[in-house]
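Descriptive analysis of the structure
As a plain string of letters, each chain reads:
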Amino acid sequence: MKYLHTNNGFTLIELLIVIAIVAIVAGLSLPVLLTYLDRSAFSACQQELSTFKTQVLATDNLDDALRPYNFGACQVGGDGQPTQSAVADALRGDFEEGSITLVLDTQRQGVQAQINAQGAIERVTPP
């Protein structure tokens, strides 16, 4: 009995079609991924500022000294960034003269958070 030997591999055309489909799906999902990364960077900074705000208000109510806080998601105390005491003052509603908001950078370039005059934390949308 003679067996027919068939090649069970993929043809070049089939492989190119699969690569094209993967490239299209990746191209469509990339903007969604970048939006997700931006939102998560702001959310992490917002959560960190909320925790710090609780510490600031508790310290004020107990007349204690404000202890150093380890900021990770918000850029505080770096080059061109506000200090911890400036952030604490902004969360209390006290701003430097002529300023009504305090803007902080996050871990992601181009994503910023601001503390407004009411002490609320908002995302800064680029122009």
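Values in this document were obtained by computation on a predicted structure and should not be read as measured data.

A closer look at the state of the cysteines
With the rule as written, the count across this model stands at 1 disulfide. What pairs with C45 in a disulfide is C74, and their sulfur atoms sit 1.9 Å apart. Torsion about the S-S bond of the C45 and C74 cystine: about 120°, corresponding to right-handed handedness. Of this pair, C45 sits in helix α1 (residues 12-62) while C74 sits in strand β1 (residues 74-75), and the two are 29 residues apart along the sequence. For C45, a relative accessible area of 0% gives the class buried.

Re α1
The first and last C-alpha atoms of α1 sit 73 Å apart over 51 residues, in line with the 75 Å expected at 1.5 Å per residue. The largest bend along α1 reaches roughly 30° and is located at S29, with the proline P31 sitting one to four residues downstream. For α1, the secondary structure elements touched by its buried residues are β1, α2 (84-92), β2 (102-106), β3 (112-115) and β4 (121-124). Just beyond α1, the residue with positive phi is D63, at close to 55°.

Structural notes on the sheet that holds β1
Taken in spatial order, the 4 strands line up as β1-β2-β3-β4 in an open sheet, and their pairing is antiparallel. Two strands close off the open sheet at either side, each with one partner strand: β1 and β4. Alignment of β3 against β4, held across 4 bridges, turns out to be antiparallel. Looking at β4, one finds that I115 is bridged to I121.

Examining the pattern of salt bridges
A side chain of one charge can pair with a side chain of the opposite charge if their charged atoms are brought near each other. Applying the stated rule across the entire model yields 3 salt bridges. A salt bridge links D60 to R92, with the shortest nitrogen-to-oxygen separation between them at 2.7 Å. Taken together, the residues D60 in helix α1 and R92 in helix α2 connect sequence positions 32 residues apart. Relative accessible area serves as the criterion here: at 31%, D60 is assigned to the partly exposed category. Each member of the salt-bridge network shares a partner with another, and the members are D60, D89 and R92.

Calculation rules
Residues numbered from 1 in each chain as written. Predicted model: local features only at pLDDT ≥ 70, side-chain atom pairs only at ≥ 80, totals over all residues. Heavy atoms only, no water. Disulfide = S-S within 2.5 Å. Helix = DSSP H or I, 4+ residues; strand = E, 2+ residues; numbered from the N terminus. Buried < 20%, exposed > 50% of the residue type's maximum accessible area, 1.4 Å probe, protein only. Expected span 1.5 Å × (residues − 1). Bend = angle between axes of the 7 residues up to and from the residue. Contact = heavy atoms within 4.5 Å. Pairing = 2+ DSSP bridges. Salt bridge = Lys/Arg side-chain N within 4 Å of Asp/Glu carboxyl O.

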